[in-house]
Amino acid sequence: NAGVMQNPRHLVRRRGQEARLRCSPMKGHSHVYWYRQLPEEGLKFMVYLQKENIIDESGMPKERFSAEFPKEGPSILRIQQVVRGDSAAYFCASSPGAPDTQYFGPGTRLTVL
Amino acid sequence: QKEVEQDPGPLSVPEGAIVSLNCTYSNSAFQYFMWYRQYSRKGPELLMYTYSSGNKEDGRFTAQVDKSSKYISLFIRDSQPSDSATYLCALGEVVDTGKLIFGQGTTLQVKP
């Protein structure tokens, strides 16, 4: 049973470009969470999604960030017009229900030049 | 005040020692508790989870929860160099959406 998959693992963008991060949950999991980990800081919740629905986006910055989990395909975290402060590791987790144990992917490390 | 407090360390112990990692929290609504291990530049790996006060044991790991004191612990027996990592506590509210609130993480080094 494959774990949570994220791609790309590393992403370099210049200021002002767009970043798209993808997450495929574990088989049988329909709940997806995105977290961000800034250097020397803990993981911070961003958004929680189920198929075609955003359930909780209380941790998402108000501008430039969006997330989706379509009926088919992976969940996408999209960052428009990236700035250097967006440089971080972005982790996706999935669970079979909520609340429930969450299993994390390997992360995408975003570097903004 | 942060919702979850965790000493970042670093904590250095000799191989074979018993390690105690702790978190305190302020929100009494937290009802389930997890511990994750994170190696450098990797994703967090679930170690333990529990929903009730008391102890839960799994191999060399014991998770302890004291809801009255808002204090959780992870004990590692017979620590090994391969246990060297950052340990994160994570807390959640049963009636919430399932999002987890993480401690800052404690960096552990086990010296051979």
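See the structure printed just above.
These notes cover the structure that comes with them. None of these values were measured; they are calculated from a predicted model.

Analysis parameters
- Residues numbered from 1 in each chain as written.
- Chains lettered and ligands numbered in written order.
- Predicted model: local features only at pLDDT ≥ 70, side-chain atom pairs only at ≥ 80, totals over all residues.
- Heavy atoms only, no water.
- Pairing = 2+ DSSP bridges.
- Helix = DSSP H or I, 4+ residues; strand = E, 2+ residues; numbered from the N terminus.
- Axes fitted to C-alpha atoms, helices over the stretch in contact; angles between N-to-C directions.
- Core = buried A, V, L, I, M, F, W, Y, C linked by side-chain atoms within 4.5 Å.
- Buried < 20%, exposed > 50% of the residue type's maximum accessible area, 1.4 Å probe, protein only.
- Contact = heavy atoms within 4.5 Å.
- Disulfide = S-S within 2.5 Å.
- Salt bridge = Lys/Arg side-chain N within 4 Å of Asp/Glu carboxyl O.

## Here we look at the sheet that holds strand E1 (residues 5-7) of chain A
All names here are of chain A. With antiparallel pairing, the four strands of this open sheet are ordered in space as E1-E3-E8-E7. The sheet terminates laterally at E1 and strand E7 (65-68), the two strands that pair on one side only. Going across the sheet, the axis of each strand differs from the next one's by a mean of 15°, ignoring polarity. Bridge count for strand E3 (residues 19-24) against strand E8 (residues 75-79) is five bridges, and the pairing is antiparallel. Across the sheet, the residue bridging to Cys23 is Ser75, located in E8.

## A short note on the nonpolar core
Proteins that are soluble and globular tend to have nonpolar side chains buried together. Ranked by internal contacts, the top residues of the largest apolar core, which has 25 residues, are Val4, Trp35, Ile72, Leu74, Tyr87 and Leu91 of chain B. If you list the elements that add at least two residues to this core, you get strand E3 (19-25), strand E4 (30-38), strand E5 (45-50), strand E7 (61-66), strand E8 (71-76), strand E9 (85-93) and strand E11 (106-111) of chain B. The next biggest cluster of nonpolar side chains, apart from the first, holds 23 residues, and it includes Val32, Met60, Ala67 and Cys92 of chain A.

## Here's the deal with the environment of Tyr90 of chain A
Residues and elements named next belong to chain A. Here Tyr90 is to be found in strand E9 (residues 88-95). The class of Tyr90 is buried, set by a relative accessible area of 0%. Taking the C-alpha atoms as reference points, Tyr90 and Tyr35, separated by 55 residues in sequence, lie 5.8 Å from one another. When neighbours within four sequence positions are excluded, Tyr90 is seen to be in contact with Gln6, Leu21, Tyr35, Arg36, Met46, Phe65, Leu77, Ile79, Gly107, Thr108 and Leu110.

## Focus on the state of the cysteines
Enumeration over the complete set of coordinates arrives at two disulfides over all chains. In this model, Cys23 of chain A is linked to Cys92 of chain A through a disulfide, with the two sulfur atoms separated by 1.8 Å. Looking along the S-S bond of the Cys23 of chain A-Cys92 of chain A disulfide, the torsion reads about -50°, which is the left-handed sense. Here Cys23 of chain A is found in strand E3, whereas its partner Cys92 of chain A is found in strand E9, with 69 residues between them in sequence. Like Cys92 of chain A, Cys23 of chain A is buried. Each sulfur of the disulfide joining Cys23 of chain B and Cys89 of chain B lies 2.0 Å from the other. Across the S-S bond linking Cys23 of chain B and Cys89 of chain B, the dihedral sits near -100°, which makes this disulfide left-handed. Taken together, the residues Cys23 of chain B in strand E3 and Cys89 of chain B in strand E9 connect sequence positions 66 residues apart.

## Some remarks on the pattern of salt bridges
Oppositely charged side chains can pair when the atoms bearing their charge come close. According to the stated counting rule, one finds seven salt bridges over all chains in the structure shown. Here Arg78 of chain A makes a salt bridge to Glu18 of chain A, at a shortest N to O gap of 2.9 Å. In this pair, Arg78 of chain A sits in strand E8 while Glu18 of chain A sits in the loop between strand E2 (10-13) and E3, placing the two residues 60 residues apart along the sequence. The exposure class assigned to Arg78 of chain A is partly exposed, which follows from its relative accessible area of 27%. A relative accessible area of 27% places Glu18 of chain A in the partly exposed class. Between Arg77 of chain B and Glu57 of chain B there is a salt bridge, with the nearest N and O atoms lying 3.4 Å from each other. Placement of the pair is Arg77 of chain B in the loop between E8 and E9 and Glu57 of chain B in strand E6 (residues 54-58), with a sequence separation of 20 residues. Through salt bridges with shared partners, one network takes in Arg37, Glu45, Arg60 and Asp83 of chain B.

## Section: the sheet that holds strand E1 (residues 4-5) of chain B
Residues and elements named next belong to chain B. Taken together, the five strands give an open sheet; going across it, the order is E1-E3-E8-E7-E6, and neighbouring strands pair in antiparallel fashion. On the outer flanks of this sheet lie E1 and E6, each paired with one strand and no other. Relative to E8, E7 is paired through six bridges, and the arrangement is antiparallel. Residue Phe61 lies in a different strand from E8, and its bridge partner there is Ile76.

In short, geometric facts, not functional conclusions.
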